Amino acid sequence: MNKIKIQFSVFLLLSVFFLAGKVNAQVVSPKMNYDSLSYEQYLRKDWKALLETGKLMQKNGMDYYYLRMRLGIAAMSTCNFSKAEEHFRQALVFSPRDQNAILYLQKALLANNKGVESGSLWHEMNILSKENSGLKEGFVPVSVHADVGNVFRNNTEGLSFEKLSGAQGIYGQERIYQDNLFYDAGFYFKANPRWLLYGGFQWIDITATDRFAYLEPELALESVAEDDFGKSYYYTLGLNPKTINFDHQLTQRSGYLQASFGASTQLKFVGGLHLMRVERDFSVSDSATVKLQDTSYFNKITGEATQYNTSVNSLKFVTIPWRTNDYSFTLNSSLHLGKITALAGLGIGSINDSSVFQLNAGWLYQPFGNINTYNQTEVFLVNTEGKSQWIVKSRFGVKPFKTTWLEAEIMAGHINNLSDQYGYIVYNSPEKLNLRFEATLSQSLTKHLLLQVRYRFMDSEREYDFLDSEGQNFSTKTYQIQSQTVIGGIKWIF
């Protein structure tokens, strides 16, 4: 970068002397005065004054290559990278294929987290510019990360018999997820300057509980009649309210592939493919006939007992294995328009054996022209088997200190079956997820090592089914549940 600045400064000095020789000795033009002033401010590195002078010059109709280069460098130095991009692009309009302008534009894009967009300039660079850019051809490792999270849920014991079985108190059922750990890791690398690739996996194990409330038939002793020869026992058929749980292990193993392509300095495409293998067993109830027996008469003389037997309708519980291979494919685009980036994308997939199609649109806004302060807001439309729902997501980020980032995100709507973060996160829980909040602290420990801690809160509705008043059909109700997740991760930046 210093070599470039020295070369550019010498070039500007020669330009000033060349222009000075053509100035009329009797009158100094306003344009020349402004140009000299802006160059003086550039040499003094008085960036704010230079930017103000540049605005005044443009207001008076003065615009040319050298001015745009000075203003671009001033904007870079004040971390307004979006503005710097604008100036360097305009410099290239005045001087197409100029290597100084190309290299400075590449640096501005890279500083604003637009790596693959900066890589799109590779084919326009000469050998010296390529060496100064820091870009490389071929395989280049970028970063590797690993995360572990713990999910804490409330209401993991489920409903009581009275609530689960409904007003009639006959039968009810629900599915409950217990607390669990999960793991994920991934690797970013470049195949060439304009392609960023990612490969990763996720590992989730959850204890899933099937809970039932039902009436278990039993013989209830009503009375005993006794004489000299023995005892007679009399019974009535009773129904004992009972709850029973069956625990099963749910496992999800998934792999994720992502490719980011810099189509130009202003346009990026990101494709993501998430493949998931989910396995778990379900317990279900079925009708059964059970045999009840007890002593009906005891003969005191012989010591023999006569048994009372009867058959009644009851329930039995059987286990059904369930396996599914799901996927989510998304394609997204980012169009950079100064401080605002327009976002749009679509996705298709099969989630829990149901076909899903989604659309999303939104924006990324950088009020100060850099990624250190931003807001990203998107709206999603998710269609599952012909039924549509809307989701709104907004994320805010700020860098309060040189090595510290703080981010917060809120998502609201019917979030089920949404593929978020280019399909990296798929919300395939059967519970109705309505609200999600996440806060992230990222701290650089060294030049290469980054530590991240995330807190996530989710509010959902759990469904439960029970027999209605006639005891023939099922009705469904829900109740609120919440989960809190703590995630810790490390990232190594090559």
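Because the structure is predicted, anything quoted here is derived from the model rather than measured. (Residues numbered from 1 in each chain as written. Predicted model: local features only at pLDDT ≥ 70, side-chain atom pairs only at ≥ 80, totals over all residues. Heavy atoms only, no water.)

Caption draft 1: Structural view of the overall build of the protein. Summing up its helical and strand segments, the protein has nine helices and 17 strands in all. The C-alpha radius of gyration computed for the protein amounts to 35 Å, which surpasses the reference 23 Å derived for 494 residues by more than 25%, pointing to a less compact arrangement than a globule. Across its three principal directions, the C-alpha atoms of the protein cover 145 × 40 × 40 Å. Split into buried and exposed, the 494 residues of the protein put 41% on the buried side. (Helix = DSSP H or I, 4+ residues; strand = E, 2+ residues; numbered from the N terminus. Rg over C-alpha atoms; globule rule 2.2 N^0.38 Å. Buried < 20%, exposed > 50% of the residue type's maximum accessible area, 1.4 Å probe, protein only.)

Caption draft 2: Region of the structure containing the pairing of strand 8 (residues 340–351). Pairing analysis gives eleven bridges linking strand 7 (residues 305–337) to strand 8, with the strands arranged antiparallel. Within strand 8, the position partnered with Ser334 by the bridge is Leu343. Here strand 7 hands over to strand 8 after two residues, with Gly338 in that stretch at a positive phi of 75°. Pairing of strand 8 with strand 9 (residues 354–365) involves twelve bridges; the strand directions are antiparallel. Of the residues in strand 9, the one forming a bridge with Gly347 is Gln358. (Pairing = 2+ DSSP bridges.)

Caption draft 3: Examining the layout of surface pockets more closely. If you add up the space inside the second largest pocket, you get close to 280 Å³. Breaking the lining of the second largest pocket down by element, the ones donating at least two residues are helix 3 (47–59), helix 4 (65–77) and helix 5 (81–94). When residues of the lining of the second largest pocket are assigned to their parent elements, the largest contribution, six residues, is made by helix 3. Partitioning the lining of the second largest pocket into residue classes produces five nonpolar, five polar and five charged. (1 Å grid on protein atoms, 1.4 Å probe; cavity = no way out; pocket = protein on both sides within 12 Å on 5 of 7 lines; lining within 4 Å. Points joined across faces, edges and corners; volume = space filled by probe spheres on them. Nonpolar A, V, L, I, M, F, W, Y, C, P; charged D, E, K, R; others polar.)

Caption draft 4: Main features of empty space enclosed by the protein. With the rule as written, the count across this model stands at one cavity of 30 Å³ or more. Put simply, the largest cavity is a space of about 50 Å³. Every residue along the wall of the largest cavity is listed here: Ser328, Phe329, Thr330, Gly347, Ile348, Gly349, Ile351, Val356, Gln358, Asn417 and Ser419. Broken down by secondary-structure element, the contributors of at least two residues to the lining of the largest cavity are strand 7, strand 8 and strand 9. For the lining of the largest cavity, the element with the highest residue contribution is strand 8, accounting for four residues.

Caption draft 5: Fine view of the packing of helix 4 against helix 5. Running from N to C, helix 4 and helix 5 cross one another at 160°; their axes reach a closest spacing of 8 Å. One element, helix 4, and the other, helix 5, form an angle in the roughly antiparallel class. Classified by chirality, the crossing of helix 5 by helix 4 is left-handed. Across the interface between the two elements, Tyr65, Arg68, Met69, Leu71, Gly72, Ile73, Ala75 and Met76 from helix 4 touch Phe81, Lys83, Ala84, Glu86, His87, Phe88, Gln90, Ala91 and Phe94 from helix 5. (Axes fitted to C-alpha atoms, helices over the stretch in contact; angles between N-to-C directions. Parallel < 35°, antiparallel > 145°, perpendicular 65-115°, else oblique. Left-handed = near helix turned anticlockwise from the far one by under 90°. Contact = heavy atoms within 4.5 Å.)

Caption draft 6: The arrangement of the environment of Gln358 in detail. Here Gln358 is to be found in strand 9. In this structure Gln358 comes out as buried when scored by relative accessible area, which is 4%. Separated by 25 residues in the primary sequence, Gln358 and Asn383 place their C-alpha atoms 6.0 Å from one another. Sequence-distant contacts of Gln358, defined by excluding residues within four places in its chain, comprise Gly345, Leu346, Gly347, Phe380, Leu381, Val382, Asn417, Leu418 and Ser419. Looking at Gln358, its side chain comes within polar contact range of the main-chain nitrogen of Ser419, at 3.0 Å. (Polar contact = N/O pair within 3.5 Å; in protein donor to acceptor, adjacent residues only side chain to side chain.)

Caption draft 7: Layout of the pattern of salt bridges. Overall, the coordinates contain 26 salt bridges when judged by the stated rule. Asp63 is the partner of Arg68 in a salt bridge, and the nearest nitrogen-oxygen pair spans 3.0 Å. By relative accessible area, which is 8% here, Arg68 ends up buried. Since its relative accessible area comes to 30%, Asp63 is described here as partly exposed. The shortest N-O distance in the salt bridge between Arg323 and Asp281 comes to 3.5 Å. Separated by 42 residues along the polypeptide, Arg323 in strand 7 and Asp281 in strand 6 (residues 267–299) bring together distant segments of the chain. For Asp281, a relative accessible area of 26% translates into the label partly exposed. Three or more residues joined by partner-sharing salt bridges are found here, namely Arg395, Glu407, Glu409, Arg436, Glu438, Arg454 and Arg456. (Salt bridge = Lys/Arg side-chain N within 4 Å of Asp/Glu carboxyl O.)

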